[in-house]
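Fold and geometry: a report
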Amino acid sequence: MVSNRHKTSRLWRIFRKRHQSALSWRVQLALLFVVVLAAITVWVTNDALTRRFTESTRNRGELRLVLYSGNVVSELRRSAIVPQLLARDPTLISALGAHDFRDTSMRLISFVDEIGAASLMMLDKDGRTVAATERNRLGESHRNQPFFVDALRSNATVFTSMRTETGGFSFTYSRRMESKGDSQGVIVVEVDLAKFERAWSGISDAVILTDSEGVIILSTEPKWRGLKVEDALAVETAESVLARARQVSPEWSRLRPDAFLGGESVMQIEQRMPFRGWTMTSFSTQASVREQVNGFLALEIMGFALILALAFYFLSRKTAVRMAFVQKESTQLRALNARLQSEIAERERVQKDLHVAEQSLAQSSKLAALGEMSAAVSHELNQPLAAMKTYLAGARLLLNRNRPEEALSAFHRIDDLIERMGAITRQLKSYARKGQRSFSVVDLSEALASSLSMMEPQLKTRRVEISRVLPDTPVQVMGDRMRIEQVLVNLLRNALDATKSVENPLIEVILASGETATLSVRDNGSGIEDLDSLFEPFYTTKQPGDGVGLGLAISSGIVADMGGRLTARNSDRGGAVFDMQLPVLNEDKDTTEILIAE
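Residues numbered from 1 in each chain as written. Predicted model: local features only at pLDDT ≥ 70, side-chain atom pairs only at ≥ 80, totals over all residues. Heavy atoms only, no water.

As a further point, take the overall build of the protein. Secondary structure assignment for the protein yields 14 helices and 18 strands. Surface accessibility of the protein: about 34500 Å² in total, with carbon and sulfur atoms responsible for 54%. (Helix = DSSP H or I, 4+ residues; strand = E, 2+ residues; numbered from the N terminus. Areas by Shrake-Rupley, 256 points an atom, 1.4 Å probe, with all protein chains shown as cover.)

A few words on the packing of aromatic side chains. The description of an aromatic ring pair rests on the distance of the ring centres and on the angle between the ring planes. Counted according to the given criterion, the structure contains nine aromatic pairs. Between Phe159 and Phe275, the ring centres sit 5.3 Å apart and the planes meet at 90°, which makes this aromatic pair edge-to-face. A residue pair is termed long-range when its members are at least 10 positions apart, and Phe159 in strand S3 (residues 158–163) and Phe275 in the loop between strand S9 (264–272) and strand S10 (279–284) qualify at 116 residues. The exposure class of Phe159 is buried, given its relative accessible area of 11%. Relative accessible area serves as the criterion here: at 12%, Phe275 is assigned to the buried category. An aromatic cluster is built from Phe159, Phe171, Tyr173, Phe275 and Trp278, whose rings are joined through pairwise contacts. (Phe/Tyr/Trp six-rings, centres within 6.5 Å; stacked < 30°, edge-to-face > 60°. Buried < 20%, exposed > 50% of the residue type's maximum accessible area, 1.4 Å probe, protein only.)

Sheet architecture is open: five strands sit in the order S12-S14-S15-S17-S16, paired in mixed fashion. Each edge of the sheet is formed by a strand with only one pairing partner; in this case those strands are strand S12 (465–469) and strand S16 (565–570). Looking at each pair of strands side by side, their axes are set apart by 15° on average, direction ignored. Along the sheet, helix H13 (residues 481–498) contacts strand S14 (506–513), strand S15 (516–523), S16 and strand S17 (576–583); its crossing angle with S15, the most-contacted strand, is approximately 25°. (Pairing = 2+ DSSP bridges. Axes fitted to C-alpha atoms, helices over the stretch in contact; angles between N-to-C directions. Contact = heavy atoms within 4.5 Å.)

Another aspect to go through is the side chain of Ser219. Here Ser219 lies in strand S7 (residues 216–219). Residue class for Ser219 comes out buried when judged on its relative accessible area of 1%. Side-chain polar atoms of Ser219 contact the backbone nitrogen of Glu221, separated by 3.0 Å. (Polar contact = N/O pair within 3.5 Å; in protein donor to acceptor, adjacent residues only side chain to side chain.)

The strand order S2-S1-S5-S4-S3 describes an open sheet built from five strands, whose pairing is antiparallel. The sheet is open, and its two edges are formed by strand S2 (129–132) and S3, each paired on a single side. When the angles between neighbouring strand axes are averaged without regard to direction, this sheet yields 25°. Direction of pairing for strand S1 (residues 119–124) relative to strand S5 (residues 182–191): antiparallel, over a ladder of six bridges. Paired with Met122 across the two strands is Ile187, which belongs to S5.

Backbone geometry at His99 places phi at a positive 60°, although glycine is not the residue there. With respect to the helices and strands, His99 occurs in the loop between helix H3 (90–98) and helix H4 (104–115). We classify His99 as exposed; its relative accessible area is 60%. One non-glycine residue, Asn402, adopts positive backbone phi at about 60°. Looking at the element boundaries, Asn402 is found in the loop between helix H9 (287–400) and helix H10 (404–432).

In this structure, Asp150 sits in helix H5 (residues 146–153). Residues Asp150 and Arg176, 26 residues apart in the sequence, show an inter-C-alpha distance of 9.1 Å.

The next subject is the environment of Ile109. The residue Ile109 is located in helix H4 in this model. Taking the C-alpha atoms as reference points, Ile109 and Glu134, 25 residues apart in sequence, are found 8.4 Å from one another. In contact with Ile109, other than residues within four places in its own chain, are Thr133 and Arg135.

Looking now at the packing of H13 against helix H14 (residues 551–561). Closest axis-to-axis distance for the H13/H14 pair is 10 Å, and the angle between their directions is 145°. The hand of the H13/H14 crossing is left-handed. Taking contact as the criterion, the partners of Arg483, Gln486, Val487, Asn490, Leu491 and Asn494 in H13 are, on H14, Gly551, Leu552, Ile554, Ser555, Ile558, Val559 and Asp561. Considering only residue class, the contact of H13 with H14 consists of six nonpolar, five polar and two charged. (Left-handed = near helix turned anticlockwise from the far one by under 90°. Nonpolar A, V, L, I, M, F, W, Y, C, P; charged D, E, K, R; others polar.)

On to the pattern of salt bridges. As enumerated under the stated definition, the model contains 20 salt bridges in all. Between Lys195 and Glu75 there is a salt bridge; the shortest N-O distance is 3.5 Å. With Lys195 in helix H6 (residues 194–200) and Glu75 in helix H2 (residues 25–86), this residue pair connects regions lying 120 residues apart in the sequence. A network of salt bridges, in which partner residues are shared, links Glu75, Arg78 and Lys195. (Salt bridge = Lys/Arg side-chain N within 4 Å of Asp/Glu carboxyl O.)

What follows covers the pairing of strand S4 (residues 169–179). Within S4, nine of the eleven residues are buried, leaving the element largely enclosed by the surrounding structure. Relative to S4, S3 is paired through six bridges, and the arrangement is antiparallel. Bridge pairing links Ser161 to Phe171 in S4. Following S3, the chain reverses through five residues before pairing antiparallel with S4; Gly167 in that reversal takes a positive phi of roughly 100°.

Time to look at the confidence of the model for the protein. Residues with a pLDDT of 70 or more make up 78% of the protein, whose mean pLDDT is 78. Per-element averaging of pLDDT across the protein places strand S18 (residues 594–597) at the bottom with 40 and S17 at the top with 92. Here residues 430–436 is modelled with pLDDT under 50, and outside its nearest four sequence neighbours on either side it reaches 14 contacts, counting other chains as well. (pLDDT = per-residue confidence, 0-100.)

Turning to a nonpolar patch on the surface, a few remarks are in order. On the surface, a cluster of nonpolar side chains totalling about 750 Å² of accessible area is made up of Trp25, Leu29, Leu32, Val36, Ile40, Trp43 and Val44. Looking at the secondary structure, you find Trp43 in helix H2. According to the relative accessible area criterion, Trp43 is partly exposed, its value standing at 47%. (Patch = residues over 30% accessible without salt bridge, like charges linked within 9 Å, V, L, I, M, F, W, Y side chains within 5 Å.)

Take the environment of Val521 next. Within the element layout of this structure, Val521 appears in strand S15. Taking the C-alpha atoms as reference points, Val521 and Leu511, ten residues apart in sequence, are found 9.1 Å from one another. Not counting residues within four places of it along the chain, the set of residues in contact with Val521 comprises Leu491, Leu492, Ala495, Ile507, Glu508, Ala576, Val577 and Phe578.

Looking now at the packing of H3 against H4. At their nearest, the axes of H3 and H4 sit 11 Å apart, and the two run at 155° to each other. The orientation of H3 with respect to H4, classified from their angle, is roughly antiparallel. When the axes of H3 and H4 are compared, the crossing they make is left-handed. Contacts from Thr91, Leu92 and Ala95 of H3 reach H4 at Thr104, Arg107 and Leu108. Residues belonging to the contact of H3 with H4 are distributed by class as follows: three nonpolar, two polar and one charged. (Parallel < 35°, antiparallel > 145°, perpendicular 65-115°, else oblique.)

Here you go:
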């Protein structure tokens, strides 16, 4: 299968190499030159056309502003003559003198159609509207309005621009009306400049008109009225001509923008008006410029695209010659692919067989573990059963001698051994399955005393000397007392078995406390030959029937579960020494029962 894959890879490399070498370096260089030439041409053309069309758009904008400003000035000058004529009208003056205004409003209405003004009002000398083309304004008081106050103080026509409550501006001409040298009232002519705003908003530009102080008084964008130009440029306006003015695309042009609207550049054109220092400004979009430039660029790109298309057409004719070779190699690749699929199917079948074998091996491991558990139970229960047999014999003898109290004590010990056997079976379950173990504070001196008490019948039978070296203060650890006693019993029993052939058997038990709590069991036997295999399951030096080699393996696992270790060595004085080391319980630790996950 690996060989076939190498063949497939080799054929694919040959095909790719031939395909890549199909275009010579001269052809590739020519195509690259055409692409670079097209990019440079498009870039230079874009820059030149953008400058040209931008200048053309600016010129058209300037001409348009001249026309707009001329219309506004013409309207203002035409309306400026009206107050001077009406202030001399004898009918209006006599109406003010006689306080008879029944036909005055009708006369003003007839003048509006001829003059073309927005509205006309006649105020008496107290500033009250006594005649108006808009009848709803009759009776209004304009005593404090600038167009009334300034007109009474001046002998000429007064022009006034004021901000209205709706946010716009009103433009008025007013003049004092006199009779025999006395002021009779004021004639007010309102100029309609809002009609120019409506006309300007129909184009693609934003147009504003500012007074001598730079305040916007007319604008195609209502939110700009009453603002300074720099403040108006910072106002975000959506769904308006200003939104279109901000949608300029300067990324293709290197021209410096005149102004920014909402972060976008626009073309700003200004025109001074010959009236009170007013200035008209337009913000022209560059959409038309971009459209014209893009039209020329599209033609250029199309031309280069046709050149490249012709080049690729002639190159594609050479490709037809290579198609036969490609089809031949494709056939070989399909054949190799079929072989690979066959080998893959064979490998999947082998993997299935291997999976079945692994399941069988797992079942065999379970059976082996079950046999190990049975041997462990047999090993651990031998010691309590031997002790029970001794206690029963003693109790029988005590009963025959009519000493029931002492026999009752033997029965209590038998009851304790039965409980210990139940604990051993529960502990041996944990040897094959990990779970939760409840640990508590254990005094090693007390655990040692309990273990020696359990081993007392065998020690007396063998007449073994026990030497104990214990500290004055208690040595406490955190663990399971029953399991610690199980380890000590195994160590004492091994020491007892190791001294069978010794004339004066001696077992020394030493308990010391330092960084760890160390309990050492030393015998004066013949020592240990193979220390490396000592703690492996089923390793034993005893005769068949005396042991199965699980005691030290189980004991080592118990000590390790409690965070310690069990070691063995040969003593310089002869015999073997087993050291059980466990973490010492510090005084600052909580001595209550804790739960440890094995």
